[in-house]
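# Summary of structural features
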Amino acid sequence: MKNHKAGGNIVLVLIMVYLLVPLLLTFTFSVFGNWTSMLPKNFTLRAYEDMLATPRFFPDLLRTIIISVVPVAITVLIMLLALYTVLIFFPRLEKFLQLLCMIPYAIQGVILSVSIVSLYTRVPGFLSNRIFLLVGAYCIVILPYIFQGIRNAMRSVNMPMLIEAAEMLGASKLEAFFKVIVPNIVPGISVSALLSISMLFGDWVVIRNIAGNAYENVSILLYMTMNIVSVRTATAMFTVVFLVTLLISILVFNLQSKTEGGTSREER
Amino acid sequence: MKRNGNPRWKYAITLLPFLILVLMFEVVPLLTILVNAFKPVDGHGFTLGNFAYLFSKRTYQQALLNSVVIALVSSAIGLLVAFFGAMAAASATSRMKKIFMAILDMTSNFSGVPLALAYIIMLGNVGVFVLFAKQVGFAPLASFNLYSTAGLIAAYIYFQIPLATMLLIPAFAGVRKEWKESAALMKARPWQFWAYVGIPILGPSIIGTFSVLIANSLAAYATAYALMINNYPLLAIKISGMFVGEITQQKELGSALSVILMLLMSAAILVNNRLLGRPGKES
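Described in the following lines is the structure provided in the data block.

Cut-off values and rules
Residues numbered from 1 in each chain as written. Chains lettered and ligands numbered in written order. Predicted model: local features only at pLDDT ≥ 70, side-chain atom pairs only at ≥ 80, totals over all residues. Helix = DSSP H or I, 4+ residues; strand = E, 2+ residues; numbered from the N terminus. Buried ≥ 20, exposed ≤ 12 C-beta atoms within 10 Å, placed from the backbone. Contact = placed C-beta atoms within 7 Å. Nonpolar A, V, L, I, M, F, W, Y, C, P; charged D, E, K, R; others polar.

## Focus: the overall build of chain A
A count of helices and strands for chain A gives 11 helices and 2 strands. Secondary structure elements in chain A, listed N-terminal to C-terminal, are α-β-β-α-α-α-α-α-α-α-α-α-α. Considered along the principal axes of its C-alpha atoms, chain A spans approximately 75 × 70 × 30 Å. Expressed as a percentage of its 268 residues, the buried residues of chain A come to 44%. Long-range pairs, those at least 24 residues apart, make up 73% of the contacts in chain A between residues at least 6 apart in sequence.

Structure representation (structure tokens):
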């Protein structure tokens, strides 16, 4: 039995090493000037200086954060309203809602983005505004995750009972929703919201297909830098982008272990 | 829930934002793709000509083949690694499991352009590993071509492993220790337990995970594009090319190609449901 366990640990360590090597290697590459023999030589932060000298870097980072957060906020709000109404007043529609929310999961970014582009780009007015289309597309991309997150959170707090209690105390259904339900499910929602943000943060497919040159996020910048400017500068950007996503991951992880005891848990 | 005189329909208005969003950015665009796929180029009516054209062209045949081969191979290898990873995680100490999960979590978002960059640095023409292999004279790695089917598969496997492992870990939690103990009491060796009890129990989860991986790799194209630009026929790359950039947009052909990709992905999901004997995904 002991032996078996040791074998298991070796497997885990091997997988972890396999997963970490590309990250660590790319980071190492970014801080050395020369890596043509076995070990890297000439420690330097040139790549980072070059990155900071790229005038678009920080604006792009900010743009990426905005375009990752706004659609998530919109979708959470829309989904809260829709799920609340469906679960309380029209429980039979839940299956239908679920279907609509799961379709994006099956079609993924490529088809979604080209279908939106082909439909709206020739339409006059705000409908063909690339950034408007991008926000809409992002809302759809994250729909499955937000849906799951909110539904699980609503289920875990026994919503009908809470509402009944609030109503007995004189609140209307809408009041009960905002004052009782929402505060109770915030931890569960924030996990799926953060996951969605980190997913949008790294997007390249949808933004490239829909926004084209109209909106540049860090993935687009990274792509251009590695192809046009220099691979080394790109590795510095890579490191910064990775640290940002890591930060989000850590937040998610902490939130998850915090909520683990009481509210949401995805696996049943 | 229904109350006399209480117009619950009044609350239906809260569904409106959701319906507008879904109609505008999901339902109508997808329907347009479906309609366009069966429309003659620059004309009206119904035709299967777009599909006939696509299937007759060598580059699209090649794209279809490449997409399917890469999806199958990368999913199979990813699943195999994930199987052993999840199995090991199930019997690991909680501390070890926590670290393992954290790394899976961290790397599961690592795909697309950054992944391509990392692979160029490792396995590109002047990649660190390639140069190293040249120095020590390890031919298979020294001559490794990242810009090929094998190279793409290598990169795809990387993002399949964390996803597959995370999907399989809960399933392994369902394989109870008591069963293993009973099997051991009956003198079954560990591999016998897994062959006759473990894997059959895990079957649905394994197949489900496989189909998710297939769909995932069929639609993934950031990594491939960042590595190959346009020089490699892949379904997803061809689709984007027909709608975006380049001079002429080929809406009808692009739509037909999208329908083919959607069919492939739904096939993966349907096979899953069929084998699981229940409709829909787990809720």
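## Remarks on the interface of chain A and chain B
The interface is formed by 66 residues belonging to chain A together with 71 residues belonging to chain B. Of all the secondary-structure elements, those providing two or more residues to the side of chain A that touches chain B are α1 (2-30), α3 (57-89), α4 (94-120), α5 (130-141), α8 (173-201), α9 (205-211), α10 (218-229) and α11 (231-260) of chain A. Here the side of chain A that touches chain B takes 16 residues from α4 of chain A, the largest share from any one element. For the side of chain A that touches chain B, the class distribution of residues is 45 nonpolar, 19 polar and 2 charged.

## Focus: the environment of Phe201 of chain A
Residue and element names in this part refer to chain A. In this fold, Phe201 is placed in helix α8. Looking at Phe201, the number of C-beta atoms within 10 Å reads 21, which means it is buried. The residues touching Phe201, leaving out its near neighbours within four places in the chain, are Thr64, Ser68 and Thr245.

## Some words on the environment of Thr85 of chain A
For Thr85 of chain A, the location among the structural elements is in helix α3. Note: C-alpha distance between Thr85 of chain A and Asn9 of chain A (76 residues apart in sequence) is 48 Å. When neighbours within four sequence positions are excluded, Thr85 of chain A is seen to be in contact with Phe90 of chain A together with Tyr11, Ala12, Thr14 and Leu15 of chain B.

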